[in-house]
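A look at the structure
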Amino acid sequence: MQNTALLRMKRLTAASSSPVLPATRRLERLPAAVAVYSILTILILAGLNLPGARDYVGVDNDDVMRLVQVRDFLGGQSWFDLMQYRLGLPGGTLMHWSRIIDLPIAALIKVFSLILPSERAEALALLVWPFFLVIPLMTAIAVAARRIGDRVVMHIALMLAAVFVVTANRFLPGAIDHHNVQLVLVATIAACLLDPARRAGSFALAGFASALAIAIGAETTPLVAVVCIVVALLWALEGTRSRTAARAFSLSLLLSISALFLATVPSEHYRLVTCDSLSIGYYAIIAAGAAALFVATFLPDRLGLAGRSAALVIIGALVLLSALAVAPQCLQNPLNELDPLLQTMWLDGVLEAQSFWRWLEVEPASFGGFYAVPVFALAVCLFRVIRGDDVRSHAILFGLLLISFVIALIQVRGAAFANLLAILPVALLIADLRRNSNAEPDNIGAGFFFVVVTLLSVPSVWILSGVFIVEGTMGISNRMRSLVAAGPASGTDAGAACETLQSLAQLNDLPAGTVVAPSDYGADILRITPHRVLSGPYHRNQGGMLTELHIGLAEPAEAAAFLRGSESTIIAFCPTNIQTEKIAKMKPDGLYAALEAGRIPDYLQPLPQDPQSGLTIYRVVLP
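Before going into details, it helps to say that this report is about the structure given with it. The structure displayed is predicted, hence computed values, not measured ones.

Now for the environment of alanine 35. Tracing the sequence through the fold places alanine 35 in helix H3 (residues 30–49). The partly exposed category is assigned to alanine 35, whose relative accessible area is 37%. Sequence separation between alanine 35 and threonine 139 is 104 residues, and the spatial gap between their C-alpha atoms is 8.6 Å.

What follows is the structure in structure tokens.
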């Protein structure tokens, strides 16, 4: 019997080492599985979005603004100069977006320009970049899944990741904002922390990815803080077993954040504390914590758990003191400093920046799609920890999921990170239920439970279910179209016509000047015209946005003073724009209300209007 088992083992070993494997066996290998799922996901994305696309830039204002920034970089603007000179009041607006994202997109445009006209090269670069990012995302998910489960778990996780990518908007053609890169980095960090061997290479990569995430966008700072806590706790609880990992992570984080600070922050801003980007504030806090943890890993083993715990208390106190001394203002939401008028007239209308409660009020149908799966995943992790099932991995996932979920409660945009991380514990659960169902084919309950859990693990299923309950079958039809839409809604009302590129292109008939327009139009005007624009939907452009609001709210005679002070030469007026309507209702004797009623001041000269556009363009002629 023993010889038979040994012979069978040898046959299996020989078969696994054979150079020619059946297709199904090849897919059991991680690289092949990642390649197949990545290619299929990219093909589905292309098939759903490219045929009906009307523009090659993503529908988000941030995608358009990123392209403007990349063009400025390619046009010769310094790597360290992030000033958007055509946005806001005279002098421009200092943006907080990192050149780290500009660089690969600019490089792609440069390469494609060698064989294509400039516009086509730009379009191809904006297609390739988000599609390319699918590959590292799938790789990270596959690695993480294999570290907590078997090949079945890996395939289930890859399938869930494919659905996540296809139904989200972060990897669509033209989506060049930094959020897709951050999703890749978060998945990479999770995969590294789940390494059961605690290899130094994995934790060094986690340190680098954490530093890069902060350098790209400060909104990941809370998650990176939890990552640091997780690594520190692993070292404190496991001692020698996690010492090398903690040392590699802390040293990598320290060196990476130092290099990125020097590489992206201009020397004249070394002492400037900003809470929405990498600056001396975040650098000092992270460097202090990372350096302290690195030093602590050299403590003698004889100190034991008590000594390591005491070291963590000291490190925590040091980090807190650093934060209070260098950047106390960064312990709150940067948007809390917005002017109250901007809070009311602008931020309250930016749904992705709203809390879960506000989202439940305005979008109850889709609420479950953002929050249900993360809650389910948190429960799964907690249950596994209590039951003692791979406590380390599920405790790590619980910590990462919890902070992502808390962020999502404050701003719904954080739900993307929570839903991405939820894939891992949910995939493991689905694999277990599948195994139980296959083991008991006659047990209808086990099979039914497996199917139900699988469906409820997909955020889009929650969205469609909520839409059906709230809006009925017509709502489902509309939402299904929006899930795969590549461009903006094709509405036929005047408001939609105002926002089209064709409508805004009328501005090119005028000499270069400064345009007063709703903030949502700002990025597109910068993209397709040579004009400056007073207002754009960015919190660092408070002066420009407030001036545009005051122009609309002021009585016509007073508005002239605001126009003169801001050096504005053009007004692009759309009576059906939501913000413009709010301004007109708020101040019935204001300029926008007067224009809506057809009362045009003498200092405004209306230009001939495109009959297919709801946009009216006025030339400002002040004495």
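What follows is about the packing of aromatic side chains. The final tally for this structure, using the stated rule, is 12 aromatic pairs. Ring geometry for tyrosine 371 against phenylalanine 405: centres 6.0 Å apart, planes inclined by 85°, an arrangement best described as edge-to-face. With a gap of 34 residues between them, tyrosine 371 in helix H16 (residues 367–387) and phenylalanine 405 in helix H17 (residues 391–410) connect regions that are remote in the sequence. The ring centre of phenylalanine 298 lies 3.8 Å from the NZ or CZ of arginine 247, which sits over that ring. The side chain of arginine 527 reaches across the aromatic face of tyrosine 56, ending 5.2 Å from its centre.

With that settled, consider a nonpolar patch on the surface. Residues Val36, Ile39, Leu40 and Leu43 make up a contiguous nonpolar surface patch of roughly 360 Å² in combined accessible area. For leucine 43, a relative accessible area of 54% corresponds to the exposed category.

Burial along strand E5 (residues 570–573) is two-sided: the residues Ile570 and Ala572 and Ile571 and Phe573 are all buried. Inspection of the sheet shows strand E3 (residues 514–516) paired to E5 by 2 bridges, in the parallel sense. Its bridge partner lying in E5, valine 515 is registered against isoleucine 570.

Here we take up the pattern of salt bridges. If the charged atoms of two oppositely charged side chains come close together, the side chains can form a pair. Counted under the stated rule, the structure contains 16 salt bridges. The salt bridge involving arginine 147 is made with aspartate 195; its shortest N-O contact spans 3.9 Å. Here the residue arginine 147 occupies a position in helix H6 (residues 118–148), and aspartate 195 occupies one in the loop between helix H8 (179–193) and helix H9 (200–216), the gap between them amounting to 48 residues. A residue is classified by how much of its surface remains accessible, and arginine 147, at 21% relative accessible area, is partly exposed. A salt bridge links arginine 435 to aspartate 432, with the shortest nitrogen-to-oxygen separation between them at 2.9 Å.

Mapped onto the elements of the fold, glutamine 506 is located in the loop between helix H22 (501–504) and E3. Not counting chain neighbours up to four residues away, the residues in contact with glutamine 506 comprise Pro608, Gln609, Asp610, Ser613, Leu615 and Ile617.

The topology assignment puts glycine 369 in helix H16. Along the sequence, glycine 369 and valine 461 sit 92 residues apart, while their C-alpha atoms lie 7.3 Å from each other.

Reading the values: rules and limits
- Residues numbered from 1 in each chain as written.
- Predicted model: local features only at pLDDT ≥ 70, side-chain atom pairs only at ≥ 80, totals over all residues.
- Heavy atoms only, no water.
- Helix = DSSP H or I, 4+ residues; strand = E, 2+ residues; numbered from the N terminus.
- Buried < 20%, exposed > 50% of the residue type's maximum accessible area, 1.4 Å probe, protein only.
- Phe/Tyr/Trp six-rings, centres within 6.5 Å; stacked < 30°, edge-to-face > 60°.
- Lys NZ or Arg CZ within 6 Å of the ring centre and 35° of its normal.
- Patch = residues over 30% accessible without salt bridge, like charges linked within 9 Å, V, L, I, M, F, W, Y side chains within 5 Å.
- Areas by Shrake-Rupley, 256 points an atom, 1.4 Å probe, with all protein chains shown as cover.
- Salt bridge = Lys/Arg side-chain N within 4 Å of Asp/Glu carboxyl O.
- Pairing = 2+ DSSP bridges.
- Contact = heavy atoms within 4.5 Å.

None of this, on its own, says anything about what the molecule does.
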